[in-house]
Amino acid sequence: MQKIVIIIGTRPEAIKMAPVIRQLKAYHSKFKTVICLTSQHREMLDQVLRIFAISPDHDLNIMQKNQNLFDITVRTMTGLKDILKKESPDMVMIQGDTTTAFVAGLAAYYLEIPIGHIEAGLRTYNKYHPFPEEANRHLLSVLADYHFAPTKWAKSNLIKEGIKEENVWVTGNTVIDALFMISSRQKTNKSKGFLAAHFKEKYNLTLPVHNQKLLLVTGHRRENFGEGFKNICYALKEIAERRKDVTIIYPVHLNPNVQKPVRSILNNQGNIHLIEPLEYELFVFLMNNSYIILTDSGGIQEEAPSLCKPVLVMRHNTERPEGVEAGTVKLVGTDKETIINNTFELLENQLLYEKMSKTANPYGDGKAAERIVNILLNFINR
């Protein structure tokens, strides 16, 4: 039996690791799965753990108020040292590009534990965009032994950087697996009614929004802090003022660098609803009921096309260019007028809207976790 330690720090990691955990546990005679949280996020992470019924074996609980990258790095490294020594696993599995993922990879490397990296090979080749995620991904590719790339493009990046091809597999992205798991629960009238009632009771929002087009907004990237977020907020404010047929819902990230500009600029705008971050199941329901999604998130660029929703990405570059090339997403940066013009174009140009919303999702078919575990069974842990 192979012991695998899965290390999770943030909400997106938990969402993307949940299908892998479920698949590994289906082979309980082959794998002993140990789940370790750093809790780089706390409340948002706990929500996902409840939804996917994930019970951690270890929890470092590192999150502190106003924490910075130095704090996260030091507390994660110190905490993981004793846990990894105690567990002595056959492999550590990490996901994506967070500080938790990078530090977990570094800790495993120091202890000479093999590393499996899920969602490997994404690149912008600008180390400050996204920050610090781009550098984290590069560093993890040097440290990791096994690379599970979501797309052929991601694999090609790794090969160009000198990673041996026999250690790279194209699997699709596990976020699509998670999305399908949740979406399948929401297809019954009972589930739809329960979720709609939640938004009505808590936010006085009726979903779907009648005679309105719902714009769903998310934003949290460090590189947008400051002027970038102010520009985004002023763009949203003008869209809301000029288009009374639009309702904007913005679950606002808890980071003070996001909260301050959003609240100061967008409070008291009648057709903009600022709400707290949502549990994943509620957020999927909101995505399903949206007309357009404006975001700086990486995961939403992957998820929304599976729900046939056009995405405007409020970043200057993306480590997920497959969606741009396929036409499911469009980069609009943080310039106020560019955001407004592209939003209006999608609202008014039905042909463009149909083209973006009906293009096939390049990020997967919902079977990525199954492929990853089959690779572990047939190629790595024989």
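Residues numbered from 1 in each chain as written. Predicted model: local features only at pLDDT ≥ 70, side-chain atom pairs only at ≥ 80, totals over all residues. Heavy atoms only, no water.

S.K.: Quick one: what's the story with the overall build of the protein, residue by residue and with numbers?
M.R.: Regarding its fold elements, the protein presents 16 helices and 13 strands. Radius of gyration (C-alpha) of the protein: 20 Å, near the 21 Å computed for a compact globule of 382 residues. By principal-axis analysis of the C-alpha atoms, the protein measures approximately 60 × 45 × 40 Å. Within the protein, buried positions represent 59% of all 382 residues. Considering only contacts in the protein between residues 6 or more positions apart, those separated by 24 or more positions represent 70%. As presented, the protein carries roughly 16,200 Å² of accessible surface, and 50% of it is formed by carbon and sulfur atoms. Counting 47 positive and 41 negative side-chain charges, the protein places the averaged centre of each group 3 Å from the other. (Helix = DSSP H or I, 4+ residues; strand = E, 2+ residues; numbered from the N terminus. Rg over C-alpha atoms; globule rule 2.2 N^0.38 Å. Buried < 20%, exposed > 50% of the residue type's maximum accessible area, 1.4 Å probe, protein only. Contact = heavy atoms within 4.5 Å. Areas by Shrake-Rupley, 256 points an atom, 1.4 Å probe, with all protein chains shown as cover. Lys, Arg positive; Asp, Glu negative; His and termini not counted. Charge placed at Lys NZ, Arg CZ, Asp CG, Glu CD.)

S.K.: Describe the nonpolar core, naming the residues involved and giving the relevant values.
M.R.: Counting 64 residues, the largest nonpolar core has F52, M93, F148 and Y280 as its most contacted members. Sequence-distant contacts of F148, defined by excluding residues within four places in its chain, comprise M93, G116, H117, I118, E119, A120, W169, T171, I372, I375, L376 and I380. One finds V246, I248, Y291 and I340 within the second-largest nonpolar core, a separate group that totals 32 residues. (Core = buried A, V, L, I, M, F, W, Y, C linked by side-chain atoms within 4.5 Å.)

S.K.: A description of the pairing of strand β4 (residues 91-95) should follow, citing residues and the corresponding values.
M.R.: In terms of residue burial, β4 counts as a mostly covered element, since five of its five residues are buried. Side chains M91, M93 and Q95 project from β4 onto one buried face, and the interleaved V92 and I94 project onto a second face that is buried too. Of the strand pairs in this sheet, strand β1 (residues 2-8) and β4 are connected by three bridges, and their pairing is parallel. Within the sheet, the bridge partner assigned to I4 lies in β4 and is M91. Sheet analysis places β4 next to strand β5 (residues 115-118), joined by four bridges and oriented parallel. Bridge pairing links V92 to I115 in β5. In terms of handedness, the path from β4 via helix α4 (residues 99-110) over to β5 forms a crossover that is right-handed. (Pairing = 2+ DSSP bridges. Right-handed = clockwise from strand over helix to strand, strands pointing away.)

S.K.: Give me the lowdown on the packing of helix α1 (residues 11-26) against helix α2 (residues 43-51), citing residues and values where you can.
M.R.: Where α1 meets α2, the axes come as close as 8 Å, and the angle between the chain directions of the two elements is 15 degrees. Relative to α2, the element α1 lies roughly parallel. The chirality of how α1 crosses α2 is right-handed. Counting all contacts with α1, which are made through R11, A14 and I15, the residues of α2 involved are M44, L45, Q47 and V48. (Axes fitted to C-alpha atoms, helices over the stretch in contact; angles between N-to-C directions. Parallel < 35°, antiparallel > 145°, perpendicular 65-115°, else oblique. Left-handed = near helix turned anticlockwise from the far one by under 90°.)

S.K.: Explain the pairing of strand β8 (residues 213-217) residue by residue, including any values.
M.R.: On any regular strand, side chains alternate: one points to one face of the sheet, the next to the other face. Most of β8 sits inside the fold, with four of its five residues counted as buried. Across four bridges, the pairing between β8 and strand β9 (residues 246-251) is parallel. Following the sheet pairing, L215 is matched in β9 by I248. Handedness of the crossover is the feature at issue here: the chain leaves β8, passes through helix α9 (residues 227-242), returns alongside β9, and the resulting connection is right-handed. Pairing of β8 with strand β11 (residues 292-295), which is carried by three bridges, proceeds in the parallel orientation. What sits directly across from V217, in β11, is L294.

S.K.: Requested: an account of α1, with residues and values cited.
M.R.: A rise of 1.5 Å per residue sets the reference length of α1, with its 16 residues, at 22 Å; its end C-alpha atoms lie 23 Å apart and thus fit the reference within 8%. At M17, α1 shows its maximal bend, which comes to roughly 40 degrees, and the proline P19 appears one to four places after that position. With twelve of 16 residues buried, α1 lies mostly within the body of the structure. Among the residues of α1, R11, E13, A14, I15, K16, M17, A18, P19, V20, I21, Q23 and L24 are the ones counted as buried. (Expected span 1.5 Å × (residues − 1). Bend = angle between axes of the 7 residues up to and from the residue.)

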